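Here is what each chain is made of, one letter per residue.
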Amino acid sequence: MKRILMMMIAVLYMSGCTTHLTDLSMISNKNVNLNKVDIDKLPQKKNVEGEDTKFVFLFIPFGQPTLKGALNDALEKGDGDLMVDASVSTTGWWFLVGQTGLKIKGDVVNTKGSN
């Protein structure tokens with residue numbers, strides 16, 4: 001019985017997947033003024049990760065994860081309005097029920113105090 005349980009847990013772990021989509025130099029979904037601004041001198045939080053996920057039941061997704069949702073999550077966590085050196089990937093796992101999502105990871109910059 002213990003062996004069957006361990007095999008089921010192993011199958012659940014193997015059913016997940018992450019795929020790298022792209023790397024971005026800068027991304028924001030807010031109006032950001034970069035005139036006469038040195039980004040390197042602005043307050044930054046390194047390696048902030050944002051995520052937008054949706055539930056899946058029997059191969060039926062309950063919504064579509066969006067890059068905007070993942071970016072908003074990251075900007076809120078990093079208390080900023082611009083993300084630099086960002087990496088975007090898709091995530092997902094399922095076994096009758098599951099989850100699909102988009103992740104973005106990078107450095108969040110706060111340009112609000114620069115004007």
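The structure this text deals with has already been given above.
What you see is a predicted model, and the numbers here were worked out from it, not measured in a lab.

**Q** Could you give an account of the overall build of the protein chain, with specific residues and numbers?
**A** A count of helices and strands for the protein chain gives 2 helices and 5 strands. Going from the N terminus to the C terminus, the protein chain shows its helices and strands as α-β-β-β-α-β-β. In summary, the protein chain has a C-alpha radius of gyration of 18 Å against a globular reference of 13 Å for 115 residues, an excess of more than 25%. Overall size of the protein chain, expressed as C-alpha extent along the three principal axes, is 65 × 25 × 20 Å. By the burial criterion, 28% of the 115 residues in the protein chain qualify as buried. In the protein chain, of all internal contacts separated by at least 6 residues, the share reaching a separation of at least 24 is 75%. A total of about 8,000 Å² of accessible surface is found on the protein chain, and carbon and sulfur atoms cover 59% of it. With 13 positive and 12 negative side-chain charges, the protein chain shows a spacing of 5 Å between the two charge centroids.

**Q** I'd love a proper account of the nonpolar core, names of residues and values included.
**A** The biggest cluster of nonpolar side chains holds 12 residues, and these are Ile 27, Val 48, Ala 70, Leu 71, Ala 74, Leu 75, Met 83, Ala 86, Val 88, Leu 102, Ile 104 and Val 108. Elements with a minimum of two residues in this core: helix H2 (67-78), strand E4 (82-95) and strand E5 (97-109). Among the elements that make up this core, the one with the highest residue count is H2 (4 residues). Sequence-distant contacts of Leu 75, defined by excluding residues within four places in its chain, comprise Asn 29, Lys 30, Gly 80, Asp 81, Leu 82, Met 83 and Val 108. Ile 39, Leu 82, Val 84 and Val 109 belong to the second largest nonpolar core, which has 5 residues in total.

Criteria and thresholds
- Numbering of residues begins from 1 in every chain and follows the order in which that chain's sequence is written.
- Totals for whole chains, interfaces and linings use all residues, but because this is a predicted model, local features are given only for residues with pLDDT of at least 70 and pairs of side-chain atoms are given and counted only at 80 or more.
- Calculated side-chain values reflect all of the structure's heavy atoms, with hydrogen atoms and water omitted.
- Helix and strand labels come from DSSP, where a helix needs a run of H or I of at least four residues and a strand needs a run of E of at least two; each type is numbered from the N terminus.
- Each radius of gyration reported is based on C-alpha atoms, and the globular scaling rule is 2.2 Å times the count of residues to the power 0.38.
- Relative accessibility thresholds used throughout: buried, under 20% of the residue-type maximum; exposed, over 50%; partly exposed, between the two (1.4 Å probe, protein chains only).
- Whether two residues touch is decided by their heavy atoms; if any such pair falls within 4.5 Å, the residues are in contact.
- To be clear on the numbers: accessible area is Shrake-Rupley with a 1.4 Å probe, and residue cover counts the displayed protein chains and nothing else.
- When charges are tallied, Lys and Arg are placed among the positive residues and Asp and Glu among the negative ones, while His and the ends of the chain are skipped.
- Just so you know, the charge point we use is NZ for Lys, CZ for Arg, CG for Asp and CD for Glu.
- Only buried residues count toward a nonpolar core, which is a set of Ala, Val, Leu, Ile, Met, Phe, Trp, Tyr and Cys residues joined through side-chain atoms within 4.5 Å.

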